[in-house]
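Examining the three-dimensional arrangement
Residues per chain are reported as follows:
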Amino acid sequence: MKPSLTRRQANRLNGRGRRGGSAARAAFVAIPLFLFGTFATVAIVAFVTAVGVYFAFSASLPDPATELNRTTPSQDSVIYARDSTTELARFNSGEHRIAVTWDQLSPALVDATTAVEDKTFWTNTGFDPLAIVSAALDSVSGQARGASTITQQLVRQRLLPADLVQDPNKKVERKIKEIIQSIRLTQAFPGTEGKQTIMTAYLNQNFYGNNSYGVEAAAQGYFGSTDLKGLTLAQAAILAAIPQSPTTYDLVRNATEITDDPNHLLVPADSQVVQRRNYILELMRTDPSRRVLSGNTHSD
């Protein structure tokens, strides 16, 4: 005989079932809410911490716009004839530099520089978080590399105290201040014109080896060129290659003299600077996003 339940017993069991189901559903809802609350709390704490760090470290930093305009890199003193074009004499200030303006730069030179140094230059806020994460992962795997943007490099050279930059015990402090100043500099010079100002300052500041400071002095010293817009794509890529390691990539150091013309030097195809030049050209060839200004001007 099958067991039977009275109506009262059946209702009691059904009620327990409903109460059990409701409790399970409540627990199921409570877990996501708990996780959301935890993540929200962590996010708020992280945000407050970041803001606190930003203001704590930026308090001692000078205004980036004022500092960039105030600290102009030294350059040669030139004496001209009365016609204002004929150069009579040039006095080296210790750093052979000839400052240029944005309109004197070639699109290929700028693209080659951003292609290898900072592919997000035109869109980033002064630093590139994804590049920092990627570089950190590479460091863990034993392939350490830098992740500084062009703006960060300029800040390090011009807008941070020399003692801070050179102190090996203050790397974390330097990096934090470097990022903060880079953000502030980008905010101080907004939009496309602001990026042009930052790029021009960067190219005028760089050391290119062979006592050449600034891209114009390097172009004249290496190629005899007084017109940056007349540079070939290969020459532009060479100049973009050098700042990573001016000593290693110095063209004179990498060259061998041609016997039939002692005034011209030949750089072997297997030299490090030529290999890096080829690497930059390949980046520009395969990735259109690295040819922001020159586009398809140069064919394969």
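The coordinates are above.
Procedures and definitions
- Residues numbered from 1 in each chain as written.
- Predicted model: local features only at pLDDT ≥ 70, side-chain atom pairs only at ≥ 80, totals over all residues.
- Heavy atoms only, no water.
- Salt bridge = Lys/Arg side-chain N within 4 Å of Asp/Glu carboxyl O.
- Helix = DSSP H or I, 4+ residues; strand = E, 2+ residues; numbered from the N terminus.
- Phe/Tyr/Trp six-rings, centres within 6.5 Å; stacked < 30°, edge-to-face > 60°.
- Buried < 20%, exposed > 50% of the residue type's maximum accessible area, 1.4 Å probe, protein only.
- Lys NZ or Arg CZ within 6 Å of the ring centre and 35° of its normal.

Right, let's get into the pattern of salt bridges. Tallying each qualifying case throughout the model produces eight salt bridges. Two residues, glutamate 173 and lysine 177, come together in a salt bridge whose shortest N-O distance is 3.0 Å. One end of the pair is glutamate 173 and the other is lysine 177, both in helix α7 (residues 171-188) and four residues apart, which spans about a single turn. Between arginine 285 and glutamate 282 there is a salt bridge, with its nearest N and O atoms 2.8 Å apart. Here glutamate 282 and arginine 285 lie together in helix α13 (residues 272-286), a separation of three residues that amounts to about one turn.

Right, let's talk about the packing of aromatic side chains for a bit. For the coordinates displayed, the defined rule picks out four aromatic pairs. Consider the rings of tryptophan 102 and tryptophan 122, whose centres lie 6.2 Å apart with planes at 75°: the pair is edge-to-face. Here tryptophan 122 lies in the loop between α3 (107-117) and α4 (129-140) and tryptophan 102 lies in the loop between β3 (96-97) and α3, a separation of 20 residues in the sequence. We classify tryptophan 102 as partly exposed; its relative accessible area is 24%. Members of the aromatic cluster, joined through ring pairs, are Trp102, Phe121 and Trp122. Sitting above the plane of the phenylalanine 121 ring, lysine 195 keeps its charged end 4.8 Å from the centroid.

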